[in-house]
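Survey of secondary and tertiary structure
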Amino acid sequence: MNKFISTLTIILIVITTFGCSNGAYSYDKAVKRGDVVYQSKVDNLDRFEQFLINLSDKKKDKIRVTEYTLEGDPIYHDLQFDGKVIRYIYDNSNDEYGGNDKGIKRDLCTGIIKKENEQGYVEFIISGCSNENDRILLRVEKDALKDN
């Protein structure tokens, strides 16, 4: 009987752990997966810069920009370029403080704007979107870019 209860307890723990998984993953795992990861700094920035080159050259490419909130919740920006338009998916469904605007939004966009601000940061903004929802993809110190 004790063995049965122990086995049942282990099964319930496994089901609870994996059954409640929401697809979110850690900062370190995002970096290892090759995501362009953005919180207070940007990891895999070279991958983002290569995406911009491919965009300019009209070469197919896709990337994921994973942004982490101050609380550590991921927000995913998936960009898939087919040579003409960018299929953009914004997913903040794992953001605990996302409010009423939480969920997955899809859009078609035409480009990415590079905009320098007065504090010495460069913002990359997905633009020309059909739903008119231009969003900041990431913000990076100007000195961190290869092509300042």
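A brief look at the structure comes next. Just so it is clear, the structure is predicted and the values come from calculations on it, not from any experiment.

**Remarks on the state of the cysteines**
- Counted according to the given criterion, the structure contains one disulfide.
- Through a disulfide, Cys109 is tied to Cys129; the S-S separation comes to 2.1 Å. Taking the sign of the S-S torsion, 105 degrees for the link of Cys109 and Cys129, the bridge is right-handed. Residue Cys109 is located in strand β6 (residues 104-109), and its partner Cys129 is located in the loop between β8 (121-127) and β9 (135-141); the two are separated by 20 residues in the primary sequence.
- The exposure class assigned to Cys109 is buried, which follows from its relative accessible area of 1%.
- What makes Cys129 buried here is its relative accessible area of 7%.

What counts and how
Residues numbered from 1 in each chain as written. Predicted model: local features only at pLDDT ≥ 70, side-chain atom pairs only at ≥ 80, totals over all residues. Heavy atoms only, no water. Disulfide = S-S within 2.5 Å. Helix = DSSP H or I, 4+ residues; strand = E, 2+ residues; numbered from the N terminus. Buried < 20%, exposed > 50% of the residue type's maximum accessible area, 1.4 Å probe, protein only.

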